[in-house]
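Now for the letters of each chain:
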Amino acid sequence: MSKRPEASLDSQMPDADQKRRRLDISENGDNAHLVTPEPHDHDHPANLIPALCAKFWTLGWVTGTGGGCSIRDDDLVWVAPSGVQKELMTSSDLFVLSVAQQTDPKNRVYLHKPPAGRPSQCTPLFMAAFTKRGAGCCIHTHSHWAVLVTLILESQGPEKDKAFEINNIEQVKGFGRGHQKQGNLDYHDTLRIPVIENTSHEEDLTEFLEEAMEKYPDTYAVLVRRHGVYVWGDNVHKAKTMCESLDYLFQLAVEMKQLGLPWISNVSKVVTSSGR
Ligand SMILES: [Zn+2]
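Here the residue numbers are simple positions, counted from 1 along each chain's written sequence. Since the coordinates come from a predicted model, pLDDT governs what is reported: local features require at least 70, and pairs of side-chain atoms require 80 or more to be given and counted, while whole-chain, interface and lining totals use all residues.

**Some words on the overall build of the chain**
Right, so step 1: A helix here means a DSSP run of H or I that spans at least four residues, while a strand means a run of E at least two residues long, and both kinds are numbered starting from the N terminus. The number of helices and strands found in the chain is 6 helices and 9 strands.
Right, so step 2: Buried means a residue has 20 or more other C-beta atoms within 10 Å of its own C-beta, exposed means 12 or fewer, and partly exposed covers the counts in between; C-beta atoms are placed from the backbone. Across the 276 residues of the chain, 36% fall into the buried class.
Right, so step 3: The contact criterion used is a C-beta to C-beta distance within 7 Å, with each C-beta placed from the backbone. Long-range pairs, those at least 24 residues apart, make up 66% of the contacts in the chain with a sequence separation of at least 6.

**A look at the environment of Thr65**
Right, so step 1: Of note, Thr65 is situated in the loop between α2 (45-58) and β1 (68-73).
Right, so step 2: The exposure class assigned to Thr65 is partly exposed, which follows from the 16 C-beta atoms found within 10 Å.
Right, so step 3: For the pair formed by Thr65 and Glu87, sequence separation is 22 residues and the distance between their alpha carbons is 8.8 Å.
Right, so step 4: Not counting the four nearest positions on each side in its chain, Thr65 is found in contact with Gly83, Val84, Gln85 and Lys86.

**Here we look at the nonpolar core**
Right, so step 1: The biggest cluster of nonpolar side chains holds 64 residues, and the ones touching the most others in it are Ile49 and Val231.
Right, so step 2: If you tally residues by element for this core, the top one is helix α6 (residues 236-258), at 8 residues.
Right, so step 3: Both domains that furnish three or more residues to this core are identified here as domain 1 (12-120) and domain 2 (121-260).
Right, so step 4: Contacts of Ile49, omitting those with residues within four sequence positions, involve Cys69, Ile71, Trp78, Ala80 and Leu94. Structurally, a nonpolar core is described as a collection of buried Ala, Val, Leu, Ile, Met, Phe, Trp, Tyr and Cys residues joined by way of C-beta atoms within 7 Å. An automatic or database domain assignment supplies the start and end points of every domain.

**Here's the deal with the pairing of strand β8 (residues 221-224)**
Right, so step 1: By the alternation rule, side chains of β8 split into Ala221 and Leu223 and Val222 and Val224, which are all buried.
Right, so step 2: Direction of pairing for strand β7 (residues 191-196) relative to β8: parallel, over a ladder of 2 bridges. Among the inter-strand pairings, Val195 is bridged to a residue of β8, identified as Leu223.
Right, so step 3: Here the term right-handed applies to a crossover when the path leading from its first strand over the helix to its second strand runs clockwise, the strands being oriented away from the viewer. For the crossover that starts at β7, traverses helix α5 (residues 206-215) and ends in the parallel β8, the hand is right-handed.
Right, so step 4: Think of it this way: DSSP has to see at least two bridges between two strands before they count as a pair. As paired elements, β8 and strand β9 (residues 228-233) share 4 bridges and run antiparallel to each other. Residue pairing across strands places Leu223 opposite Val229, the latter belonging to β9.
Right, so step 5: Between β8 and β9, which pair antiparallel in sequence order, lie 3 residues; one of them, Arg226, sits at a positive phi of approximately 55°.

**Here we look at the sheet that holds β7**
Right, so step 1: Read across the open sheet, the 9 strands follow the order β4-β3-β2-β1-β5-β9-β8-β7-β6; overall the sheet is mixed. Because the sheet does not close on itself, it has two edges, and the strands there are β4 (110-112) and β6 (163-166). Adjacent strand axes in the sheet meet at a mean angle of 20°, parallel and antiparallel pairs treated alike.
Right, so step 2: Angles run from 0 to 180 degrees between N-to-C directions of axes, and those axes are lines fitted to C-alpha atoms, restricted for helices to the stretch in contact. Its contacts with the sheet put α5 on β7, β8 and β9, and the angle it makes with β7 is roughly 150°.

**Regarding the confidence of the model for the chain**
Right, so step 1: The pLDDT value expresses, per residue, how confident the predictor is, ranging between 0 and 100. Summarising the model, the chain shows a mean pLDDT of 89, and 90% of its residues fall at 70 or more.
Right, so step 2: Segment residues 1-12 is flagged for pLDDT under 50; beyond a separation of four residues in sequence, or across chains, it makes 26 contacts in the model.

**Comments concerning the UniProt feature "binding site: Zn(2+)" (unreviewed entry) in the chain**
Right, so step 1: UniProt positions are given in the numbering used here, feature names are shortened, and annotations may be inferred rather than shown by experiment. Residues given the UniProt feature "binding site: Zn(2+)" (unreviewed entry) here are His140, His142 and His227. A compact arrangement is adopted by the annotated residues: their sequence extent is 88 residues, whereas the largest C-alpha distance between any two is 10.1 Å.
Right, so step 2: Residue position: His140 is located in strand β5 (residues 137-141).
Right, so step 3: In this structure, His140 is in contact with Gly67, Gly68, Cys122, Leu125, Gly228 and Tyr230, ignoring residues within four places of it in sequence.
Right, so step 4: Locating His142 in the fold gives a position in the loop between β5 and α4 (144-155).
Right, so step 5: The contacts of His142, once residues within four sequence positions are left out, are Trp61, Val62, Gly66, Gly67, His227 and Gly228.

**Some points on the packing of helix α3 (residues 123-133) against α5**
Packed helices, taken two at a time, are described by the angle their axes make and the gap between the axes.
Right, so step 1: Interaxial distance between α3 and α5 falls to 9 Å at its minimum, and their mutual angle equals 30°. By the angle class used here, α3 and α5 are roughly parallel. Where α3 crosses over α5, the two elements pack in a sense that is right-handed. Contacts between α3 and α5 involve Pro124, Leu125, Ala128, Lys132 and Arg133 on the former and, on the latter, Thr206, Leu209, Glu210 and Met213.
Right, so step 2: Think of it as three bins: nonpolar holds Ala, Val, Leu, Ile, Met, Phe, Trp, Tyr, Cys and Pro, charged holds Asp, Glu, Lys and Arg, and polar takes everything else, Gly as well. Broken down by class, the residue content of the contact of α3 with α5 amounts to 5 nonpolar, 1 polar and 3 charged. Geometric relationships in this document are graded by angle, where less than 35 degrees denotes roughly parallel, more than 145 denotes roughly antiparallel, 65 to 115 denotes roughly perpendicular, and other angles denote oblique. By definition, turning the near helix anticlockwise from the far helix through less than a right angle yields a left-handed crossing, and turning it clockwise yields a right-handed one.

Here it is in structure tokens:
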């Protein structure tokens with residue numbers, strides 16, 4: 001097995017030469033250089049995706065080949081193959097496609113394909129985050145906590161199962177205010193994550209994910225009933241931070257429910273000497 005480089009999330013900005021090499025593509029060649037980055041190029045998508053998936057596997061987010069992660073850099077998108085062991089994946093397993101050439105989703109153009117396999121069934125859902133929200137990274141997990149939250153909502157009845165809501169918890173501050181909005185949510189703000197129903201085929205979720213994006217324009221995540229969650233952000237750092245914050249909140253919410261504690265509360269703002 002090739003040695004997998006450690007992901008570097010602090011440095012999101014490659015130098016100009018690295019960036020030029022990364023995005024340099026040939027229309028006719030196999031563009032193998034897109035999936036053979038220098039090992040020290042830690043923030044190259046082809047290094048980051050295997051490194052992140054290996055970490056997500058240890059959290060139970062992508063076990064049994066489910067779940068995954070995709071990264072966009074300018075017009076290029078790196079995506080994992082379908083049905084692979086996510087913790088054993090290497091950069092040479094990845095597919096690369098161009099956002100601009102996705103006019104027909106049923107006839108997708110790939111700039112690089114590995115010798116075998118099909119791209120992840122999550123690909124059209126990842127593309128929705130990139131094209132409709134300008135995201136730089138989209139993560140899909142099959143986290144137990146996400147699934148349990150959708151089951152708890154389902155048990156509350158048809159009118160109360162369409163969104164997860166929580167407020168007055170510190171970790172809510174891990175979320176941006178919304179698409180093209182500045183800053184993050186406040187501790188007192190209510191975080192809302194829409195829930196869509198699961199379908200037999202992952203790709204068929206796309207229209208419902210896009211519908212949820214329209215209905216909840218500020219959301220950075222969509223829960224899928226009895227399945228998991230999709231989370232996206234402007235870059236890898238933001239997508240990963242929100243995915244972690246969300247999983248923390250989902251676990252907390254399940255435990256609050258077990259203790260009979262409500263997810264929405266009234267907590268008065270503390271008056272401080274700073275006046276904030
Ligand atoms: Zn899935």
